[in-house]
Amino acid sequence: VAPRADLKGDKPVERFTLDIVMRNTREMPHVRFPHEAHSLWLACENCHRSLFVPRAGANPVTMTEIFQGRWCGECHGKVAFTPMFDCERCHSVPHGEVRAWW
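Residues numbered from 1 in each chain as written. Predicted model: local features only at pLDDT ≥ 70, side-chain atom pairs only at ≥ 80, totals over all residues. Heavy atoms only, no water.

Chemist: Tell me about the packing of aromatic side chains, and name the residues and values.
Modeler: Under the definition given, this model contains two aromatic pairs. Between Phe 52 and Trp 71, the ring centres sit 5.5 Å apart and the planes meet at 40 degrees, which makes this aromatic pair tilted. Taken together, the residues Phe 52 in the loop between helix 1 (35-39) and helix 2 (63-67) and Trp 71 in the loop between helix 2 and strand 3 (91-93) connect sequence positions 19 residues apart. The same class applies to Phe 52 as to Trp 71, namely buried. Plain terms: the ring middles of Phe 67 and Phe 85 are 5.3 Å apart, the flat faces sit at 25 degrees to each other, and that makes the pair stacked. Here the residue Phe 67 occupies a position in helix 2, and Phe 85 occupies one in the loop between helix 2 and strand 3, the gap between them amounting to 18 residues. For Phe 85, a relative accessible area of 64% puts it in the exposed group. (Phe/Tyr/Trp six-rings, centres within 6.5 Å; stacked < 30°, edge-to-face > 60°. Helix = DSSP H or I, 4+ residues; strand = E, 2+ residues; numbered from the N terminus. Buried < 20%, exposed > 50% of the residue type's maximum accessible area, 1.4 Å probe, protein only.)

Below, the structure is given as structure tokens:
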């Protein structure tokens, strides 16, 4: 598999290394979103503006909606890793009294 930035493969793949930590996870560990792993496969336009607004707090992501195919569920559980019940794959940042169980 060789990801390309454009149809012809003329442009270099743009790597974006910013991690986003989503903290609205209640009793679960926070979610770390690794832009770099995603930007190796996808251009920013694949997700921004159609799926995610690139502004903190602008995307009220819920697990219910992800399982219904929205947000991350647009790819994950379909063309990206499955099953999505490997919680610690995303919920990887312990906080406060919340500890990772793995």
